[in-house]
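Listed here are the chains, written in short residue letters.
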Amino acid sequence: VDVATGELLSERFRLSTPLPATPDAVAETFKGIMAHFDYEGPIGCGFPAVIKGNCALTASNIDKSWIGKNVGACFGTTQEQPIFVLNDADAAAIAEMEYGIGKGKAGLVMMITVGTGIGSCLFLDGKMIPNTEFGHLIMHGKIAEKYCANSTRKNEDLSWEEWAKRFNEYLQHVYHLLSLDAVILSGGVSKKFHKYEKFLELPIPIEPAALLNNAGIVGAAAY
Ligand code: BGC
């Protein structure tokens, strides 16, 4: 990634997340990605957990044995090629605020990443508040991401309208808790915004992310 412009300098290379996503299995995938690129500089890595000092403190959609583990140590990175790990939704939000739709946005902005789970990131006047977990609010007796993540839409075979009604309820809940000024949507559903935009009712602007699937990569590099 060219961190001056936020552009990818090579083609995206994707390997699926192993199942179960244990530290050893993910480390193998990481090795596969490193072997593909001829690259020796520092590494930025978005990871789907609360991250402090490169350590995973939670594990909702990955194997529970990640909790307490240092991600860099599990991946076997060295001091010569250091790795900087951050929450995946925070990584995507950094990219959107720096190079995408959030550029120059002031006030309290939340970027919500809707994919397998729901990730959140808050920016107050351009400064990030890391590791928020607003996908884990309780709604109808379950974790919100189980109620309205993109994986739930697929697993329960919901129409865009059915899913959007749930997601709208979620957005209104978050909006009322935080008095947000704007929402940016990213992750798998952001590409399909035109299909459900009309079912969302919020008194503040809500826009899809500009960088789509590359946001997580670009933001991790910038970090
Ligand atoms: C995790 C978050 C993550 C989000 C998106 C949630 O289940 O708790 O840390 O950002 O999924 O991957």
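Our structure's up above, just so we're on the same page.
Computed from a predicted model, the values in this text were never measured in an experiment.

(A) The arrangement of the environment of Arg166 in detail. Structurally, Arg166 is set in helix α6 (residues 160–178). Between the C-alpha atom of Arg166 and that of Phe199, which follows or precedes it by 33 residues, the distance is 9.8 Å. What Arg166 contacts, discounting residues up to four positions off in sequence, is Tyr147, Cys148, Thr152, Glu156 and Leu158.

(B) Broad picture of the nonpolar core. Ile112, Trp163, Phe167, Tyr170, Leu180 and Tyr196 are the most contacted members of the largest nonpolar core, which has 33 residues in total. Of all the secondary-structure elements, those providing two or more residues to this core are β5 (108–114), β6 (118–124), α4 (144–148), α6, β10 (182–186) and α7 (193–196). In terms of residue count, α6 provides more of this core than any other element does, 8 residues in total. Aside from chain neighbours lying at most four places away, what touches Ile112 is Ile118, Gly119, Phe167, Tyr170, Leu171, Val183, Ile184, Leu185 and Ser186. Core analysis: the second largest hydrophobic core is formed by 19 residues, Ile94, Phe123, Ala209 and Val218 among them.

(C) Layout of unusual backbone geometry. In this structure, Pro20 follows Leu19 across a cis peptide bond, with omega equal to -5 degrees. Take Pro20: it is sitting in the segment before α1 (23–36). With a phi close to 70 degrees, Asn54 is a non-glycine residue in the positive phi region. Checked against the element boundaries, Asn54 lands in the loop between β2 (51–52) and β3 (55–56). Residue Ser179 is not a glycine yet carries a positive backbone phi of 50 degrees. Along the chain, Ser179 falls in the loop between α6 and β10.

(D) Spatial organisation of the side chain of Glu145. Its place among the elements puts Glu145 in helix α4. Although buried, Glu145 forms no salt bridge, and the nearest oppositely charged side chain, Lys146, lies 4.2 Å from it. Every residue in contact with Glu145, bar those within four places of it in the chain, is listed here: Ser60, Asn61, Gly117, Ile118, Gly135, His136 and Thr152.

(E) Molecular detail of the site of the ligand. Not every one of the 13 residues close to the ligand is listed here, only the nearest: Ser60, Asp88, Glu133, His136 and Glu145. His136 has a polar side-chain atom sitting 2.9 Å from an oxygen atom of the ligand. Within the contact set of the ligand, an oxygen atom lies 2.8 Å away from a side-chain nitrogen or oxygen of Glu145. Here the ligand, which alone exposes 320 Å², has 93% of that area covered by the protein. Residue assignment for the shell around the ligand shows that the elements contributing at least two residues are α3 (88–99) and β6. Across the shell around the ligand, the residue classes break down as 4 nonpolar, 6 polar and 3 charged.

(F) Structural detail: the pattern of salt bridges. Under the defined criterion, the tally for this structure stands at 4 salt bridges. The salt bridge involving Glu28 is made with Lys31; its shortest N-O contact spans 3.3 Å. Placement of the pair is Glu28 and Lys31 together in helix α1, with a separation of 3 residues, close to one helical turn. The partner of Glu161 in a salt bridge is Lys165, and the shortest N-O contact between them spans 2.8 Å. Taken together, the positions of Glu161 and Lys165, both in helix α6 and 4 residues apart, correspond to about one turn of that helix.

(G) Representation of the sheet that holds strand β11 (residues 206–208). The 5 strands lie next to each other as β7-β6-β5-β10-β11, forming an open sheet whose pairing is mixed. On the outer flanks of this sheet lie β7 (127–129) and β11, each paired with one strand and no other. Averaged over all adjacent pairs, the angle separating strand axes in this sheet is 25 degrees, with direction ignored. Taken strand by strand, α3 contacts β5, β6, β7 and β10, and its axis lies near 45 degrees from that of β6.

(H) Region of the structure containing helix α8 (residues 215–222). When α8 is considered as a whole, its buried residues turn out to be Ala215, Val218, Gly219 and Ala220. On the buried face of α8, the contacting elements are β1 (43–47), β4 (83–87) and α3.

(I) Spotlight on a positive patch on the surface. Together, Arg12, Arg14, Lys154, Lys191, Lys192 and Lys195 make up a positively charged patch on the protein surface. Note on Lys154: relative accessible area 56%, which makes it exposed.

So, how was this worked out
Residues numbered from 1 in each chain as written. Predicted model: local features only at pLDDT ≥ 70, side-chain atom pairs only at ≥ 80, totals over all residues. Heavy atoms only, no water. Helix = DSSP H or I, 4+ residues; strand = E, 2+ residues; numbered from the N terminus. Contact = heavy atoms within 4.5 Å. Core = buried A, V, L, I, M, F, W, Y, C linked by side-chain atoms within 4.5 Å. Buried < 20%, exposed > 50% of the residue type's maximum accessible area, 1.4 Å probe, protein only. Lys, Arg positive; Asp, Glu negative; His and termini not counted. Salt bridge = Lys/Arg side-chain N within 4 Å of Asp/Glu carboxyl O. Near = heavy atom within 4 Å. Polar contact = N/O pair within 3.5 Å; in protein donor to acceptor, adjacent residues only side chain to side chain. Areas by Shrake-Rupley, 256 points an atom, 1.4 Å probe, with all protein chains shown as cover. Nonpolar A, V, L, I, M, F, W, Y, C, P; charged D, E, K, R; others polar. Pairing = 2+ DSSP bridges. Axes fitted to C-alpha atoms, helices over the stretch in contact; angles between N-to-C directions. Patch = residues over 30% accessible without salt bridge, like charges linked within 9 Å, V, L, I, M, F, W, Y side chains within 5 Å. Charge placed at Lys NZ, Arg CZ, Asp CG, Glu CD.

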